[in-house]
Amino acid sequence: MATSPNEQVRLAELVAAISLATDLGTGQPMEHALRTCHLSMGLAREVDATVQDLSDTYYVSLLRFLGCTAEASADAAFNAGDDISLYEGLAPSFMGGAFEVMGWMWRHLAEGQPPLTRGRAVLGALTDPKGAERSIRAHCEVGEMLARRIGLGAPALRALGSTFERWDGKGLPNGIAGEEIPASCRIVIVARDFELLNRVWGPETATRILLERKGKAYEPRVLEAALRLGPRLLAEIEDGSLWDTVLEAEPGPPLTVDEPRIDDVLGAFAHFTDLKSPFLYGHSTGVADLAEQVSMSGAPDLDASLLRRAGLVHDLGRVAVPSGIWNKEGPLSDGQWERVRLHSYYTERILVRCGPLGKLAEVASSHHERMDGSGYHRRSKAPSLTAATRLLATADMFRAMTEPRPHRSSLSPSHAADELNRACREGKLDVLSARAVLEAAGETRKPGRSAWPEGLTDREVEVLRLLATGLSNKHIARRLTVSPKTVGRHVEHIYGKIGVSTRAGATLFAMEQGLVGA
Ligand SMILES: [Fe+2]
């Protein structure tokens, strides 16, 4: 990882890396967003997009699904625990409109589950017509907030808020129409569906469906360009490195991130990951803080910056596993464990592709390895685990134990210390790392705050924290012994003060401000 304060990395490389994670989080093969980007840039040039629109098209095509974890847990609950198969299944129908979406739900929602579970899921969908709007609004708002932290400009942010709109005004979240929809969105929407439908259903069916949606979901001029050029653009990327092709396609002088700002970008990646489950809020930043603190105080020969950054991205691969698994109260089945064990592998594959993040891959993806070979995903043993990998694994375990999980509440720091020492005695953890983590954990208690952000009151912070756990207004009211109406008023004030319109946006704000998490 770059350490010189003057060093810069290309924003496109970091964005391409997170696009691999959004592919996994939406049930698409890795490089789906890269393929969409290649197509989008070809179409943008064909329709004579402006310089600004070319740049926006590039970044919007890569970041369109940056908000995909915003409602992952709620959407998973809607589909028998599996948000990913829901997103994957709905993808070809989504821009076909409400009728197609409902048809898919009727046939496939909670597929494979007992009839009663399926019946409940379908009934839930039919009786909650606002569900899709809620999910998309949250997706757009969170995507926009994360992209702002990554460093995108105002036009691209606005476009990210409109990527599910339709040319005929029947899209979400705001129902804007025609040229009110940013040009970059109109291009990316067509390019994405062209790639997806051709891959899933083949060219003949894809062309028929795309034409049926002409002038409805898609701008006619862009669709015509796609039908003309799309097959050639897709054929171009069958050989060679699509990663390199996409990096070369960035229009204008490449956007860069200064060395000190890289932590901000990776901080956004951390929040993107932790939104996957309410049990994970603040986990990645907590591990990063702890690992950095240890390497700065107890182990000066370790690279504190590398450890911090590895902590921020260590769980990126979690987004490839359905939220229902992370949120499951009971024991996991063997099959579910297999999926869990893959998450560190996915972290490795996302990072290893990206030049500036490649150096983090080994440390970040080894956080579940254990000294005795009982960990995953490589089942490495002590001799092949470096001091940095041992430290991150120990920090991750300690931090996880102090956070609630579906099957247990959070352990007190002293109980977590006992568990860490027990893991050392069993030969699973490195004794020196455990000692350093426990020492640092005693020093990293956050100081009290003198004021809340954005002028929030004590009571509003209390409500915001409960809101972020997923409680309804009614349940928050019961917890605070006030009326639901009072809670509703608080929520309205909170949203106004922090500038969001969805619970997922408020949750992300709370995470960014360190108001949730252990
Ligand atoms: Fe993990």
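Residues numbered from 1 in each chain as written. Predicted model: local features only at pLDDT ≥ 70, side-chain atom pairs only at ≥ 80, totals over all residues. Heavy atoms only, no water.

### So, the overall build of the protein chain
- Of regular secondary structure, the protein chain possesses 26 helices and two strands.
- Relative to the globule expectation of 24 Å for 518 residues, the C-alpha radius of gyration of the protein chain, 23 Å, shows essentially globular dimensions.
- Summarising its shape, the C-alpha atoms of the protein chain cover approximately 65 × 55 × 50 Å along the three principal directions.
- The proportion of buried residues among the 518 residues of the protein chain is 56%.
- Entry remark: accessible area of the protein chain is about 21,600 Å², with carbon and sulfur atoms responsible for 53%.
- Positive and negative side-chain charges of the protein chain, numbering 60 and 66 respectively, have mean locations separated by a distance of 6 Å. (Helix = DSSP H or I, 4+ residues; strand = E, 2+ residues; numbered from the N terminus. Rg over C-alpha atoms; globule rule 2.2 N^0.38 Å. Buried < 20%, exposed > 50% of the residue type's maximum accessible area, 1.4 Å probe, protein only. Areas by Shrake-Rupley, 256 points an atom, 1.4 Å probe, with all protein chains shown as cover. Lys, Arg positive; Asp, Glu negative; His and termini not counted. Charge placed at Lys NZ, Arg CZ, Asp CG, Glu CD.)

### Examining helix 13 (residues 262-274)
- End to end, helix 13 covers 18 Å across 13 residues, agreeing with the expected 18 Å (1.5 Å per residue, within 8%).
- Counting buried positions along helix 13 gives 11 out of 13 residues, so the element sits mostly inside the fold.
- All of the buried residues along helix 13 are Ile262, Val265, Leu266, Gly267, Ala268, Phe269, Ala270, His271, Phe272, Thr273 and Asp274. (Expected span 1.5 Å × (residues − 1).)

### Focus: the packing of helix 14 (residues 283-297) against helix 15 (residues 304-313)
- Look at helix 14 against helix 15: their axes get within 7 Å of each other, and the N-to-C directions meet at 165°. Accordingly, the angle class assigned to the pair helix 14 and helix 15 is roughly antiparallel. Between helix 14 and helix 15 the crossing geometry is right-handed. Residues Ser284, Thr285, Val287, Ala288, Asp289, Ala291, Glu292, Ser295 and Met296 of helix 14 lie in contact with helix 15, whose contacting residues are Ala304, Leu307, Arg308, Gly311 and Leu312.
- Split into classes, the residues belonging to the contact of helix 14 with helix 15 amount to seven nonpolar, four polar and three charged. (Axes fitted to C-alpha atoms, helices over the stretch in contact; angles between N-to-C directions. Parallel < 35°, antiparallel > 145°, perpendicular 65-115°, else oblique. Left-handed = near helix turned anticlockwise from the far one by under 90°. Contact = heavy atoms within 4.5 Å. Nonpolar A, V, L, I, M, F, W, Y, C, P; charged D, E, K, R; others polar.)

### A short note on the coordination of the iron ion
- Taken together, the protein ligands of the iron ion are Asp315 (OD), His343 (NE2), His367 (NE2) and His368 (NE2), with distances of 2.2 to 2.3 Å.
- Counting residues between consecutive donors of the iron ion along the chain gives the motif D-x27-H-x23-H-H. With Asp315 in the loop between helix 15 and helix 16 (323-326) and His343 in helix 18 (residues 343-352), the pair connects residues that are 28 residues apart, well separated along the chain.
- Residue His343 is classed as buried on the basis of its relative accessible area of 0%. (Donors = N, O, S within 2.8 Å, 3.2 Å for Na, K, Ca; no water.)

### Section: the environment of Val294
- Topologically, Val294 is positioned in helix 14.
- Classification of Val294 by relative accessible area gives buried; the value is 1%.
- For Val294 and Ile176, which are 118 residues apart along the polypeptide, the C-alpha to C-alpha distance reads 50 Å.

### Here we look at the nonpolar core
- Counting 149 residues, the largest nonpolar core has Tyr58, Leu152 and Phe269 as the members making the most contacts within it.
- In terms of residues, this core owes the most to one element, helix 10 (residues 183-212), which gives 12 residues.
- When residues no more than four places from it in sequence are discounted, the contact partners of Phe269 are Leu14, Ile18, Ile150, Val313, Leu316 and Leu357.
- Counting 12 residues, the second-largest nonpolar core is a separate cluster that includes Val101, Leu109, Ala121 and Ala125. (Core = buried A, V, L, I, M, F, W, Y, C linked by side-chain atoms within 4.5 Å.)

### Points about unusual backbone geometry
- Of the consecutive residues Leu172 and Pro173, the connecting peptide bond is found in the cis state with omega at 5°.
- With respect to the helices, strands and loops of the structure, Pro173 is situated in the loop between helix 9 (154-160) and helix 10.
- His377 follows Tyr376 through a cis peptide bond whose omega is 10°.
- Relative to the assigned elements, His377 resides in the loop between helix 19 (361-365) and helix 20 (387-401).
- Its identity is not glycine, yet Ala80 carries a phi of approximately 50°, on the positive side.
- With respect to the helices, strands and loops of the structure, Ala80 is situated in the loop between helix 4 (72-78) and helix 5 (83-94).

### Description of the side chain of Glu250
- Position of Glu250 relative to the elements: it lies in the loop between helix 12 (242-248) and strand 2 (256-258).
- There is a polar contact of 3.0 Å between the side chain of Glu250 and the backbone nitrogen of Leu255.
- Ignoring any residue separated from it by four or fewer positions in sequence, one finds Glu250 in contact with Arg10, Ala12, Tyr58, Tyr59 and Leu255. (Polar contact = N/O pair within 3.5 Å; in protein donor to acceptor, adjacent residues only side chain to side chain.)

### A word on the pattern of salt bridges
- Per the counting criterion, the structure on display carries 34 salt bridges.
- Between Glu338 and Arg341 there is a salt bridge; the shortest N-O distance is 3.3 Å. Of the two residues, Glu338 and Arg341 are both situated in helix 17 (residues 334-341); the distance of three residues between them amounts to about one turn of the helix.
- A residue is classified by how much of its surface remains accessible, and Glu338, at 49% relative accessible area, is partly exposed.
- On the accessibility criterion, Arg341 (33% relative accessible area) is partly exposed.
- Across the salt bridge formed by Lys497 and Glu460, the nearest N and O atoms sit 2.8 Å from each other. (Salt bridge = Lys/Arg side-chain N within 4 Å of Asp/Glu carboxyl O.)

### Things to note about the packing of aromatic side chains
- Tallying each qualifying case throughout the model produces four aromatic pairs.
- Ring geometry for Tyr58 versus Tyr59: centroids 5.1 Å apart, planes at 80°, classification edge-to-face. Comparing Tyr58 with Tyr59 shows no difference in burial state: the two are buried.
- Centroid distance Phe65 to Phe164: 6.0 Å. Interplanar angle 70°. Geometry classified as edge-to-face. (Phe/Tyr/Trp six-rings, centres within 6.5 Å; stacked < 30°, edge-to-face > 60°.)

### Description of the environment of Val265
- Structurally, Val265 is set in helix 13.
- A sequence separation of 226 residues divides Val265 from Leu39, and the C-alpha atoms of the two residues are 26 Å apart.

### Remarks on helix 7 (residues 115-126)
- In a regular helix each residue adds 1.5 Å, so 12 residues correspond to 16 Å; helix 7 covers 16 Å between its end C-alpha atoms and thus fits that length.
- Listed as buried for helix 7 are Ala121, Val122 and Ala125. Here the buried residues of helix 7 occupy an arc of 95° about the axis, which is enough to place them on one side. Exposed residues pointing more than 90 degrees away from the buried face of helix 7 are listed as Leu116, Arg120 and Leu123.
- In this fold, the buried residues of helix 7 make contact with helix 4 and helix 6 (98-108). (Arc of directions from axis to C-beta.)

### Observations concerning the packing of helix 8 (residues 131-150) against helix 13
- Where helix 8 meets helix 13, the axes come as close as 8 Å, and the angle between the chain directions of the two elements is 160°. Taken together, the axes of helix 8 and helix 13 lie roughly antiparallel to each other. Judged by residue contacts, Leu146, Arg149 and Ile150 of helix 8 engage Asp264, Val265, Gly267, Ala268, Phe269, His271 and Phe272 from helix 13.
- Considering only residue class, the contact of helix 8 with helix 13 consists of six nonpolar, two polar and two charged.

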